[in-house]
Amino acid sequence: MAKPLYVAVSTQKGGAGKTTLTAILASYLYYIKKVDLAVVDCDYPQWSLAQLRERDLRLSEKSEKIKKVVHETWKARGLSAYEIVKSSPEDALEYAEMMSEWDIVPSVIFFDLPGTVNNAHVINLLKRMDYIFCPMTTDPLVFETSLTFANNIQNQFISTGQSGNIKGLYMLWNRVASRERNKLQSIMEDFISKLGIPVLETALPDSSKFRKEGTADRRFSVFRSTILPPDRSMLKGSGIDELANEISDIIGI
């Protein structure tokens, strides 16, 4: 049986939206695209994705309406949400390898890594990824940090052949004022291209919907969730459809 693909949406600094993107992409692929997947949350000690799952589950008990929405969604996926495993960086690969023994082996395992690479275990995890997607914004500080992170991976692991695992490293625009490339982004992309790092075509807008979790009100809707897919009424203009399709084509799922 084929080994699951190891995928990380990763950078070394907060503010680029890596954990939010991991949650939304995982839920979109699992609930909408029907991709069998799991998540290893090794962002120790806060475990942000695991905490999001706990909030989601508490919300699901708030009303019969929400329970019904969750039940119907899970019914189409074998009556379960995808697994989120809490781990330290040093134990993350062991947990992932255990998933290969499950009755339904995930096609993809997402890793939510800590926001620092000053750790041998995190570096080892990065070297074992099949694909790394590095979010960046037009904020100069976030951009510089994300680019430094991606360039280090490119130079230390990929170009040198020290990691035989990494099949692709891509940067992606997140939280930008417009989904159309502006002059500043074009200048930045020209610089990135000289480093030999590809940039995804999809650019995600700066929108409050990416931070919208469910609430127990009459107009129940959710965009960032681990137990439900992004609400279809909010997908338009978000870029998530396009991003999920672009990433699916790249990693072959």
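Anything mentioned here points back to the structure above.
The rules behind these values
- Residues numbered from 1 in each chain as written.
- Predicted model: local features only at pLDDT ≥ 70, side-chain atom pairs only at ≥ 80, totals over all residues.
- Heavy atoms only, no water.
- Axes fitted to C-alpha atoms, helices over the stretch in contact; angles between N-to-C directions.
- Helix = DSSP H or I, 4+ residues; strand = E, 2+ residues; numbered from the N terminus.
- Parallel < 35°, antiparallel > 145°, perpendicular 65-115°, else oblique.
- Contact = heavy atoms within 4.5 Å.
- Nonpolar A, V, L, I, M, F, W, Y, C, P; charged D, E, K, R; others polar.
- Core = buried A, V, L, I, M, F, W, Y, C linked by side-chain atoms within 4.5 Å.
- Buried < 20%, exposed > 50% of the residue type's maximum accessible area, 1.4 Å probe, protein only.
- Pairing = 2+ DSSP bridges.
- Polar contact = N/O pair within 3.5 Å; in protein donor to acceptor, adjacent residues only side chain to side chain.
- Phe/Tyr/Trp six-rings, centres within 6.5 Å; stacked < 30°, edge-to-face > 60°.

Draft legend 1. The arrangement of the packing of helix α2 (residues 48-60) against helix α3 (residues 64-75) in detail. One way to put it is that α2 packs onto α3 with a least axis distance of 8 Å and a crossing angle of 120 degrees. When the interaxial angle is binned, α2 and α3 end up oblique. For the pair α2 and α3, the contacting residues are Leu 57, Leu 59 and Ser 60 in the first and Ile 66, Lys 67, Val 70 and Trp 74 in the second. A breakdown of the residues in the contact of α2 with α3 according to their chemical character gives 5 nonpolar, 1 polar and 1 charged.

Draft legend 2. Structural detail: the nonpolar core. Of all hydrophobic cores here, the largest spans 46 residues; its most connected members are Val 7, Leu 37, Tyr 82, Phe 110, Phe 133, Ile 240 and Ile 251. The dominant element in this core, judged by the number of residues it contributes, is helix α1 (residues 18-32), at 10 residues. If near-sequence neighbours (up to four positions away) are discounted, Tyr 82 is found in contact with Ala 23, Ala 26, Ser 27, Tyr 30, Tyr 31, Leu 37, Val 39, Arg 53, Ser 225 and Thr 226. In this structure, Leu 93, Ala 150, Ile 166 and Trp 173 belong to the second largest nonpolar core, which totals 36 residues.

Draft legend 3. Layout of the sheet that holds strand β1 (residues 5-9). A sheet is described by the order of its strands in space; here 7 strands give the open sequence β3-β2-β4-β1-β5-β6-β7, paired in parallel fashion. Only two strands of the sheet have a single neighbouring strand rather than two, namely β3 (83-86) and β7 (199-205). Taken over all neighbouring pairs, the strand axes of this sheet differ in orientation by 20 degrees on average, direction set aside. Sheet topology note: the strand β5 (residues 131-136)/strand β6 (residues 168-176) ladder contains 6 bridges and is parallel. Bridging from a neighbouring strand, Tyr 131 pairs with Gly 168 of β6. Relative to strand β4 (residues 108-112), α1 is tilted by about 160 degrees, and along the sheet it contacts β1, β2 (37-41), β4, β5, β6 and β7.

Draft legend 4. View of the side chain of Thr 137. Along the polypeptide, Thr 137 turns up in the loop between β5 and α6 (140-158). Among the polar contacts made by the side chain of Thr 137, one reaches the main-chain amide nitrogen of Asp 139 at a distance of 3.1 Å. Ignoring any residue separated from it by four or fewer positions in sequence, one finds Thr 137 in contact with Gly 15, Ala 16, Val 142, Phe 143, Trp 173, Asn 174 and Arg 175.

Draft legend 5. Summary view of the packing of aromatic side chains. Counted under the stated rule, the structure contains 8 aromatic pairs. Taking the centre distance of 5.9 Å and the plane angle of 50 degrees together, the rings of Tyr 31 and Tyr 82 count as tilted. Taken together, the residues span a long stretch of sequence, with Tyr 31 in helix α1 and Tyr 82 in the loop between α3 and β3 at a distance of 51 residues. A ring pair is formed by Phe 133 and Tyr 170, whose centres lie 5.6 Å apart and whose planes are at 20 degrees; its orientation type is stacked. Of this pair, Phe 133 sits in strand β5 while Tyr 170 sits in strand β6, and the two are 37 residues apart along the sequence. Take Phe 133 and Tyr 170: they sit in the same class, and that class is buried. Ring pairing ties together the aromatic residues Tyr 30, Tyr 31 and Tyr 82, which thus form one cluster.

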